[in-house]
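# Descriptive analysis of the structure
For reference, the chains in residue letters:
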Amino acid sequence: MTVLGSATVVLIGPASAGPTVDEIAPPLPVIAPTPTDWVPKFPFPYDQTRGSVTDAEITAEREMCQWFNAQYDTLMTQIDRFNVTVVADNGDYNVGGNQQLADAVTANVDQSVDFLAPRAQAMSTTQDYVGDTYFPLYQGESFYQLWQYLMNVSNGIKAHQPVWFYGPSVQRALKWGSRIDRSHVCR
């Protein structure tokens, strides 16, 4: 009986701690854009709008591609892992280290949003002959939308919204990121 009792104590033991900030969302390095040999793509119908694209837009997309290649996948994985952790705790930001995780994830999202903001805002829009608005630079809209939805994700986490509330913005960020990736615009 004594052996069984001590074995039970060992098996039950203390509850394990949740994931740490270093496991889920270590700080992302600051991106410092550097000159590259990257050039924009102009597949059809964007070959028709090449003349409407400014040098500032090309520079902005070049720099956003540097961020995208270096940090997009890592950032989205951090958001996903944070969401899984919060959902496992029934959406309670006050359980364990969830608030510290939220702070770490939003710091990384905000750093990305701050980097993308002036570049995404540099993307111009124009109208076609029927009045529809479009971005003349290939994947300019994708970067613009990605920036907006990442802002929504950050705001949702900071407001302690349930994952289902800001989850659609996460899915939209994934959609636009996938579009950028599949277009090969950053390669």
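Residues numbered from 1 in each chain as written. Predicted model: local features only at pLDDT ≥ 70, side-chain atom pairs only at ≥ 80, totals over all residues. Heavy atoms only, no water.

### Topic: the confidence of the model for the protein chain
Put simply, the test is: On a range of 0 to 100, pLDDT expresses the predictor's confidence in each residue. Contacts are assigned to residue pairs with any non-hydrogen atoms lying within 4.5 Å of each other.
Chain-level statistics for the protein chain give a pLDDT mean of 91 and a share of 91% at 70 or above. Taken together, the stretch residues 1–16 has pLDDT below 50 and engages in zero contacts with residues farther than four places along the chain or on a different chain.

### Looking at the packing of helix α5 (residues 140–158) against helix α6 (residues 163–183)
Quick reminder of the rule: All axes here are fitted lines through C-alpha atoms, helices being fitted over the stretch that makes contact, and every angle between N-to-C directions spans 0 to 180 degrees. A run of H or I in DSSP becomes a helix once it reaches four residues, and a run of E becomes a strand once it reaches two; helices and strands are each numbered from the N terminus. For classification purposes, an angle smaller than 35 degrees is called roughly parallel, one larger than 145 roughly antiparallel, one from 65 to 115 roughly perpendicular, and anything else oblique. By convention the crossing between two helices is left-handed if the near helix lies anticlockwise of the far one by an angle smaller than a right angle, and right-handed if it lies clockwise. Amino acids are sorted into nonpolar (Ala, Val, Leu, Ile, Met, Phe, Trp, Tyr, Cys and Pro), charged (Asp, Glu, Lys and Arg) and polar (every other residue, Gly among them).
Packing of α5 against α6 leaves a shortest axis separation of 8 Å and a crossing angle of 155°. Taken together, α5 and α6 sit at an angle that is classed as roughly antiparallel. The two elements α5 and α6 meet at a crossing, and its hand is left-handed. Across the interface between the two elements, Glu 141, Ser 142, Phe 143, Gln 145, Leu 146, Tyr 149, Leu 150, Asn 152, Val 153, Gly 156 and Ile 157 of α5 pack against Tyr 166, Ser 169, Val 170, Arg 172, Ala 173, Trp 176, Gly 177, Arg 179 and Ile 180 of α6. Each residue belonging to the contact of α5 with α6 can be placed in one class, and the counts come to eleven nonpolar, six polar and three charged.

### Concerning helix α3 (residues 55–88)
To be explicit about the condition: Expected helix span is given by 1.5 Å per residue-to-residue step, counting one fewer step than there are residues. A residue's bend is given by the angle between axes fitted to the 7 residues ending at it and the 7 residues starting at it.
The end-to-end C-alpha distance of α3, which contains 34 residues, comes to 47 Å, matching closely the 50 Å that a straight helix rising 1.5 Å per residue would cover. The sharpest bend along α3 measures roughly 55° and falls at Gln 71. Positive phi appears at Asn 90, one or two residues downstream of α3, with a value of about 55°.

### Some thoughts on the side chain of Glu 61
The condition is simple: The cut-offs for exposure are 20% and 50% of the maximum accessible area for each residue type, with area from a 1.4 Å probe on protein chains only; residues under the lower value are buried, those over the upper are exposed, and the others partly exposed. In this count, Lys and Arg are taken as positive residues and Asp and Glu as negative ones, while His and the chain termini are left out. By convention in these notes, a salt bridge is any Lys or Arg side-chain nitrogen within 4 Å of a carboxyl oxygen on Asp or Glu.
Structurally, Glu 61 can be placed in helix α3. One buried charged side chain, Glu 61, makes no salt bridge at all; its nearest oppositely charged neighbour is Lys 41, positioned 8.8 Å away.

### Description of the nonpolar core
This is how the line gets drawn: We call a set of buried Ala, Val, Leu, Ile, Met, Phe, Trp, Tyr and Cys residues a nonpolar core when their side-chain atoms join them within 4.5 Å.
The biggest cluster of nonpolar side chains holds 48 residues, and the ones touching the most others in it are Trp 67, Ile 79, Phe 82, Leu 146 and Leu 150. When residues of this core are traced back to their parent elements, those giving at least two are α3, α4 (98–121), α5 and α6. Tallying contributions element by element places α3 first for this core, with twelve residues.

### Comments concerning the environment of Ser 112
Where we set the bar: Pairing of N or O atoms within 3.5 Å defines a polar contact, subject to two protein rules: one partner must be a possible hydrogen donor and the other a possible acceptor, and residues neighboring in sequence count only if both atoms are side-chain atoms.
In this structure, Ser 112 sits in helix α4. Take Ser 112: its relative accessible area is 1%, and that puts it in the buried class. In this structure the C-alpha to C-alpha distance between Ser 112 and Gln 71, which are 41 residues apart in sequence, comes to 8.4 Å. Contacts of Ser 112, omitting those with residues within four sequence positions, involve Leu 28, Trp 67, Gln 71 and Leu 75. Among the polar contacts made by the side chain of Ser 112, one reaches the side chain of Trp 67 at a distance of 3.1 Å.

### Regarding α5
The end-to-end C-alpha separation of α5 is 28 Å, in line with the 27 Å expected for 19 residues at 1.5 Å each. Taken as a whole, α5 has its buried residues at Gly 140, Ser 142, Phe 143, Gln 145, Leu 146, Trp 147, Leu 150, Val 153, Ser 154, Gly 156 and Ile 157. For α5, the elements touching its buried residues are α3, α4 and α6. Residue His 160 follows α5 closely and has a positive phi angle near 60°.

### Some details on the side chain of Ser 154
Position of Ser 154 relative to the elements: it lies in helix α5. What makes Ser 154 buried here is its relative accessible area of 1%. If we ignore the near neighbours within four places in the chain, the residues touching Ser 154 are Thr 106, Val 109 and Asp 110.

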